[in-house]
Amino acid sequence: MFALQDTKGEALVTQATQTEETTIIQGGKEAPVNNKVVAKDVAVHYSGAQALFDIDLDIPERRVTALIGPSGCGKSTFLRCINRMNDTIEGCAVSGSLMMDGVDINSSDIDVVELRARVGMVFQKPNPFPKSIYDNVAYGPRIHGLASDSTELDEIVHRSLEKAGLWNEVKDRLLEPGTGLSGGQQQRLCIARAIAVSPEVILMDEPCSALDPIATAKIEELIDEIRENFTIVIVTHSMQQAARVSQHTAFFHLGKLVEKGTTEKIFTEPEDQRTQDYITGRFG
Amino acid sequence: MSSSNEMMVNSTTQKIRAGLKKRYAAERRFQFYGIAGISIAIAALVILFVSIGSKGYTAFVQTHIKLEVFFDPSKVDPTGERKTDVLSRADYAGVVKASLRARFPEVKSRKDKRRLYGLISSGAGFDLRDMVIEDPSIIGTKQALWLVASDDVDMLLKGHISRDTEEDARPIKNNQIAWTDQLIADGAVETPFNKRLFTAGDSREPELAGIWGAIVGSFYTMLVTLTLSFPLGVAAAIYLEEFAHKSKLATLIEVNINNLAAVPSIVFGLLGLAVFLNFFHMPRSAPIVGGVVLALMTFPTIIIAGRAAMKSVPPSIREAAAGLGASRTQVVFHHVLPLAMPGILTGTIIGMARALGETAPLLMIGMVAFIVDVPDGVTDPASVLPVQVYLWADAPERAFVERTSATTMVLLGFLVTMNAVAVMLRKKFERRW
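On a predicted model such as this, the values are computed, not experimentally measured, just so you know.

**Student:** It is not clear to me how the interface of chain A and chain B should be interpreted in this structure. Could you clarify?
**Tutor:** The parts lose accessible area when they come together, and the size of an interface is often stated as this lost area. On the chain B side, the residues contacting the 20 residues of chain A number 15 residues. At the level of elements, α3 (112-118), β6 (119-122) and α4 (133-144) of chain A are the ones that each hand at least two residues to the side of chain A that touches chain B. Residue contributions to the side of chain A that touches chain B peak at 4 residues, all from α4 of chain A. Of the residues in the side of chain A that touches chain B, the class split is 10 nonpolar, 6 polar and 4 charged.

Here it is as structure tokens:
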């Protein structure tokens, strides 16, 4: 519990500084925070039915952005646009512009393999490969040829597990199957696996929804630690979690982006009545 | 308020109670149907095994008769030079006959002598020839040897020919029975394990016939079937499941593959006859053609099993790999295929077991021919186990009946083993996600 409060306290401090920065952006002056991903008029159709309507959202670099909203509101769909995982769904069409570092992700000459190496993803349910812990983490670097020899690969695996806070728990059993770990450990293994390819952005789709509170606290701590190196977008159903880990929040409802802003502002003085109702638990 | 609530609860409970009896009765009825169905299936299986086993077990032993055989140099090696080609063409049947005459000197008439010679199989001479060629020094010596009895004597001893039958109605005559009894009394009749059944090819003489030719033929045929249908089937399954876009054409192909699995096997035989024999002029009766035809039949089974196995790999594994930047091919070959492999192998083994037991299409391409030699390769004429069963079931000799059952037992043994391997694979590699 102390850990939770600590994290929250820190988050609030950073949020305070964040607010100023964002105000400056809104004032049209020089922005100290870059926007890693800029979405403009993004719409998604699933075989004719529209799931997302004209989303305009900026994802600031090296910050945690939380996407909140009731089930089926399109936040996961939006998340999956950022690494084009929607491509794998038959009949799914994405329109609008989604720029990452000034390049349109949706453009046909973007290589999805390269894009997904730059934009890692952690899923709702921990999904380690049914291979050893080592092989789970080493898989990404191996397919992308990131390590020139086995020593380098060992180094990457070590570093990734350490960053994911899992090294001490698994260092003696790297060759045991990843599926034998507890749920929380599995999810941290998945984060280590995503980190191992050194992505710029990490997308997290409700990473704690299948975990108990202690494992959740560990993941949240971890997110807070790694955010200085990565741009993180997290979808969450937990209002408290959004408040604890994120600096920016976007509220989705019925496929539309209702409100966006700093987490502090969304949670303390939301402009829209629906946001107000949702965060106070009146619906959702 | 509370009393009306109580009443409501009570009436609900009463309604539930009223229905309970009926529900339990339905459950018991259903259980009874299930047990009855299983009992019928087990009974059928037991009847099948008992009837085949009781008919066939005697085929695993073979009657032999002990005779003093004199390797007469004037008959075996008239030139005295011990030349192999002379030795191999010598009159060994005459040697056997001479031994029989020496054993029963009282038999004089031509007719009786012919009957006497009928005690020993016509194949006994070949055994003597093999002995002489292996060791020519036995020429001129007298040896006590166990010779293969004819099928009639064999059947008499195994009780398949009754002594009570009228003489005219049975193939073995009264004096032959008398001689046999005399031999038995002398301890000159034995029924050891029938090695020939597992080492020889087919023969017109039941006591000389074996299933080794059919086993080897089945092996070559299955080899061709597996090498063709497994890679093709798995590749097609991967393509259809992982790469093909959902389109009308894909649906059409899918429907047709399912149809292909349901095509009667004889139709594949006709196809083989028309295409492989008449058009490509491939060899008749050969395992290569049989294998190709059976591969066509097994191929859809492997595709269907393969697709089902790949479908059962959880999408989260695909997403995890794709999310890391694995290409589609990498997702399939690094993750989906290894996880689906046990399922694919199970399907393949079951498909192969079906192909192993298949007869109809092979009849169409000439594998039903009478083939004595054990095949040396996929292009040699050959028979297969189920066709051997079919051939022997058709033969008039009484002794082929037990051999038919014995072959069926061997074939069932192979099939049960294959299915057991499939079940074991499935159990061993079953994954919990």
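Next comes the rest of the write-up.
**Student:** Can you help me understand the pairing of strand β2 (residues 49-60) of chain A in this one?
**Tutor:** Along any regular strand the residues' side chains alternate between the sheet's two faces. Residue and element names in this part refer to chain A. Judged from the 8 bridges that link them, strand β1 (residues 35-46) and β2 form a sheet pairing that is antiparallel. Bridged to Ala-39 within β2 is Leu-57. Between β1 and β2, which pair antiparallel one after the other, the connecting turn spans 2 residues, and Ser-47 there sits at a positive phi close to 40 degrees.

**Student:** Got a minute to help me understand the environment of Arg-274 of chain A in this structure?
**Tutor:** All names here are of chain A. The residue Arg-274 is located in helix α11 (residues 273-279) in this model. The partly exposed category is assigned to Arg-274, around which 19 C-beta atoms lie within 10 Å. Once the C-alpha coordinates of Arg-274 and Val-258 are considered, the two residues, 16 residues apart in sequence, prove to be 7.9 Å apart. Beyond its immediate chain neighbours, meaning those up to four positions away, Arg-274 contacts His-253 and Val-258.

**Student:** Would you explain helix α12 (residues 265-279) of chain B in this entry?
**Tutor:** Given 3.6 residues per helical turn, the α-helix brings residues three or four places apart onto the same face. All names here are of chain B. For α12, which comprises 15 residues, the first-to-last C-alpha distance of 20 Å matches the rise-based estimate of 21 Å (1.5 Å per residue) to within 8%. In the structure, α12 departs most strongly from a straight axis at Gly-272, where the bend amounts to approximately 30 degrees. Those residues of α12 that sit buried are Phe-268, Gly-269, Gly-272 and Phe-276. Elements in contact with the buried residues of α12: α13 (287-311) and α16 (360-364). His-281 lies just past α12 and shows a positive phi near 50 degrees.

**Student:** When you look at the sheet that holds strand β1 (residues 64-70) of chain B in this model, what are you seeing that I'm missing?
**Tutor:** Residues and elements named next belong to chain B. If you trace the 3 strands from one edge of the open sheet to the other, you get β2-β1-β3, paired in antiparallel fashion. The open sheet terminates on both sides in strands that have one partner only, identified here as β2 (142-148) and β3 (189-190). Here β1 runs beside β2; their pairing, made up of 7 bridges, is antiparallel. Its bridge partner being in β2, His-64 is matched across the sheet by Val-148. Packed onto the sheet, helix α4 (residues 92-103) meets β1 and β2 and runs at close to 100 degrees relative to β1.

**Student:** How do you make sense of the domain arrangement of chain B when you look at a structure like this?
**Tutor:** Residue and element names in this part refer to chain B. Examined at the domain level, chain B breaks down into domain 1 (2-58), domain 2 (61-193) and domain 3 (212-429). Computed from C-alpha coordinates alone, the two centres of domain 1 and domain 3 are separated by 38 Å. Between domain 1 and domain 3, the contact holds 5 residues from the first and 6 residues from the second. Of the residues belonging to the side of domain 1 that touches domain 3, the class tally is 1 nonpolar, 3 polar and 1 charged.

**Student:** Quick question: what am I supposed to make of the confidence of the model for chain B here?
**Tutor:** One rule of thumb: low pLDDT means the predicted coordinates there are not for detailed reading. On average, chain B scores 90 in pLDDT, and the residues at 70 or more come to 97%. In the predicted complex, the global pTM is 0.80; the interface-specific ipTM is 0.81.

**Student:** Hey, could you run me through the packing of α13 of chain B against helix α15 (residues 328-356) of chain B in this one?
**Tutor:** When two helices pack together, you describe them by how their axes are tilted relative to each other and by the distance separating the axes. Residues and elements named next belong to chain B. Interaxial distance between α13 and α15 falls to 8 Å at its minimum, and their mutual angle equals 150 degrees. Relative to α15, the element α13 lies roughly antiparallel. Of the two elements, α13 crosses α15, and the hand of that crossing is right-handed. Of α15, the residues touching α13 (which contributes Leu-294, Met-297, Thr-298, Thr-301, Ile-302, Ala-305, Gly-306, Ala-308, Ala-309 and Met-310) are Val-336, Ala-340, Gly-343, Ile-344, Thr-346, Gly-347, Thr-348, Gly-351, Met-352 and Ala-355. Residues belonging to the contact of α13 with α15 are distributed by class as follows: 12 nonpolar, 8 polar and no charged.

Scoring rules and cut-offs
- Residues numbered from 1 in each chain as written.
- Chains lettered and ligands numbered in written order.
- Predicted model: local features only at pLDDT ≥ 70, side-chain atom pairs only at ≥ 80, totals over all residues.
- Contact = placed C-beta atoms within 7 Å.
- Helix = DSSP H or I, 4+ residues; strand = E, 2+ residues; numbered from the N terminus.
- Nonpolar A, V, L, I, M, F, W, Y, C, P; charged D, E, K, R; others polar.
- Pairing = 2+ DSSP bridges.
- Buried ≥ 20, exposed ≤ 12 C-beta atoms within 10 Å, placed from the backbone.
- Expected span 1.5 Å × (residues − 1).
- Bend = angle between axes of the 7 residues up to and from the residue.
- Axes fitted to C-alpha atoms, helices over the stretch in contact; angles between N-to-C directions.
- Domains from an automatic or database assignment.
- pLDDT = per-residue confidence, 0-100.
- Parallel < 35°, antiparallel > 145°, perpendicular 65-115°, else oblique.
- Left-handed = near helix turned anticlockwise from the far one by under 90°.

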